[in-house]
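Per-entry structural report
Residues per chain are reported as follows:
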Amino acid sequence: MSTHAAARVAAPTRREQILKEAARLFAERGFHGVGVDEIGAAVGISGPGLYRHFPGKDAMLAELLVGISERLLAGGQLRVSESASGGSSPEALLDALIEGHIDFALDDRPLITLHDRELDRLRDTDRKQVRRLQREYVEVWVAVVRDLYPDLPEHEARATVHAVFGLLNSTPHLGRPGALPGRPDTAALLHRLARGAFAAAGS
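Residues numbered from 1 in each chain as written. Predicted model: local features only at pLDDT ≥ 70, side-chain atom pairs only at ≥ 80, totals over all residues. Heavy atoms only, no water.

Some thoughts on the packing of helix 2 (residues 14–29) against helix 6 (residues 109–118)
Stated precisely, the cut-off is as follows: Every axis corresponds to a line fitted to the C-alpha atoms, with the helix fit spanning only the stretch in contact, and the corresponding angles, defined between N-to-C directions, vary from 0 to 180 degrees. A run of DSSP states H or I qualifies as a helix once it reaches four residues; a run of E qualifies as a strand once it reaches two. Both are numbered from the N-terminal end. Orientation labels follow simple angle bins: below 35 degrees gives roughly parallel, above 145 gives roughly antiparallel, 65 to 115 gives roughly perpendicular, and whatever is left gives oblique. Here a crossing is taken to be left-handed if its near helix is turned anticlockwise relative to the far helix by less than a right angle, and right-handed if that turn runs clockwise. Whether two residues touch is decided by their heavy atoms; if any such pair falls within 4.5 Å, the residues are in contact.
Two elements in contact, helix 2 and helix 6, have axes whose closest approach is 8 Å; the angle formed by their N-to-C orientations is 55°. Here helix 6 runs oblique to helix 2, going by the angle between their axes. You can see that helix 2 and helix 6 cross each other, and the crossing is left-handed. Across from A23, R24, F26 and A27 in helix 2, the residues of helix 6 making contact are P110, L111, T113, L114 and R117.

Right under this line is the structure:
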């Protein structure tokens, strides 16, 4: 692939730019504290111009929260599929799941804040979809954890997965991005803590 072709593939679309800035602003100031004009200004278009991409802020919030739930589930399922085809060990698969979730926790911190604060603002159908996707994502992990720790009861495995998610999703509370250790060090620390939690549950 040429350099120009790679740049075209990597460049975010205007829609993706809008969503990224909306997530940042919603997380910083709250859903009701941000106007359409401010989101538009952040991406260099007029507020009314946003309506060519989204019917309103509610649609942006729904796409952000449903979208990240879909992405996490698809990523987890892909790792399981790759592990099955490649013959990876259950331990390696759990490591891959943890690494994938850490990438989300470090790179999409505003979405964690949005989920915690604004999930109840979604329409009932969107909120139910988010919850369904999250339950499916949890069950992907539960199956992998129980494969690695077969003596761990299912309900304890599920509780441990939720606890690890709480640990990994604590990144918005660890301080400003510049106050954290370097990304590799933070990722390694989170990984050790997650594996420690699973090992403690399975012992």
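Picking up where we left off.
What to know about helix 9 (residues 183–202)
Rules: A helix is expected to span 1.5 Å for every residue after the first. Throughout, exposure labels follow a simple rule: accessible area from a 1.4 Å probe, protein chains only, divided by the maximum for the residue type, with under 20% read as buried, over 50% as exposed, and the rest as partly exposed. To obtain the arc, one takes the directions from the helix axis to the C-beta atoms.
Helix length check: helix 9 (20 residues) gives 29 Å between terminal C-alpha atoms against 28 Å at 1.5 Å per residue, within 8%. When we look at burial in helix 9, the residues that qualify are T186, A187, L190, H191, A194, R195 and F198. When helix 9 is viewed along its axis, its buried side chains cluster within an angular range of 160° and face the same direction. Of the exposed residues in helix 9, those oriented more than 90 degrees away from the buried face are D185, R192 and A200. Among the structural elements, helix 5 (90–107), helix 7 (124–148) and helix 8 (154–168) are those in contact with the buried residues of helix 9.

Topic: the pattern of salt bridges
For clarity, the cut-off: What makes a salt bridge here is a side-chain nitrogen of Lys or Arg within 4 Å of a carboxyl oxygen of Asp or Glu, nothing more.
Enumeration according to the criterion identifies 17 salt bridges in this entry. Between E63 and R15 there is a salt bridge, and its shortest N-O distance comes to 2.6 Å. Placement of E63 in helix 4 (residues 57–86) and of R15 in helix 2 is noted, with a sequence separation of 48 residues between them. Each of E139, R146, E154 and R158 takes part in salt bridges that share partners, so that together they form one network.

Some words on the side chain of E21
Applicable threshold: What qualifies as a polar contact is a pair of N or O atoms within 3.5 Å, subject to a donor-acceptor requirement within protein and to the restriction that residues adjacent in sequence count only when both atoms come from side chains.
Locating E21 in the fold gives a position in helix 2. For E21, a relative accessible area of 17% puts it in the buried group. Within the local environment of E21, its side chain forms a polar contact with the side chain of R24, the two groups lying 2.7 Å apart. Dropping the residues within four chain positions of it, E21 is found in contact with A42 and V43.

Concerning the side chain of D126
By the element assignment, D126 lies in helix 7. Apart from residues lying up to four places away in sequence, D126 is in contact with A62 and V66.

A word on the environment of L152
With respect to the helices, strands and loops of the structure, L152 is situated in the loop between helix 7 and helix 8. The exposure class assigned to L152 is buried, which follows from its relative accessible area of 4%. Along the chain, L152 and Q17 lie 135 residues apart, while their C-alpha atoms are 43 Å from each other. Filtering out sequence-adjacent residues up to four positions away, L152 remains in contact with V145, R146, A157, A201 and G202.

What about the nonpolar core?
Defined as follows: What we call a nonpolar core is a set of buried Ala, Val, Leu, Ile, Met, Phe, Trp, Tyr and Cys residues that are connected through their side-chain atoms within 4.5 Å.
Of all hydrophobic cores here, the largest spans 56 residues; its most connected members are F26, I39, M60, W141 and F198. Among the elements of the structure, helix 2, helix 3 (36–43), helix 4, helix 5, helix 6, helix 7, helix 8 and helix 9 are those that each provide at least two residues to this core. Discounting residues that sit within four places of it in the chain, F198 has contacts with L94, I98, W141, V145, Y149, T160, V161 and V164.

A closer look at helix 2
The terminal C-alpha atoms of helix 2 lie 22 Å apart, and with 16 residues this matches the ideal 22 Å at 1.5 Å per residue to within 8%. Of all the positions in helix 2, only I18, L19, E21, A22, A23, L25, F26 and A27 are classed as buried. Each element contacted by the buried residues of helix 2 is listed here: helix 3, helix 4 and helix 6. A positive backbone phi angle near 85° is found at G30, which sits one or two residues after helix 2.

Describing the packing of aromatic side chains
Threshold: Here a pair means two rings of Phe, Tyr or Trp (six-membered ring of Trp) with centres within 6.5 Å. Their orientation is stacked below 30 degrees between planes, edge-to-face above 60, and tilted elsewhere. A ring is considered to have a charge above it if a Lys NZ or an Arg CZ atom is located within 6 Å of its centre and within 35 degrees of its normal.
The tally for this structure, following the rule as stated, stands at five aromatic pairs. Judged by centre distance (5.0 Å) and plane angle (85°), the ring pair of W141 and F165 falls under edge-to-face. Separated by 24 residues along the polypeptide, W141 in helix 7 and F165 in helix 8 bring together distant segments of the chain. Look at F165 and you get buried, because its relative accessible area is 10%. Over the face of the ring belonging to F31 we find K57, whose NZ or CZ atom lies 4.4 Å from the ring centre.

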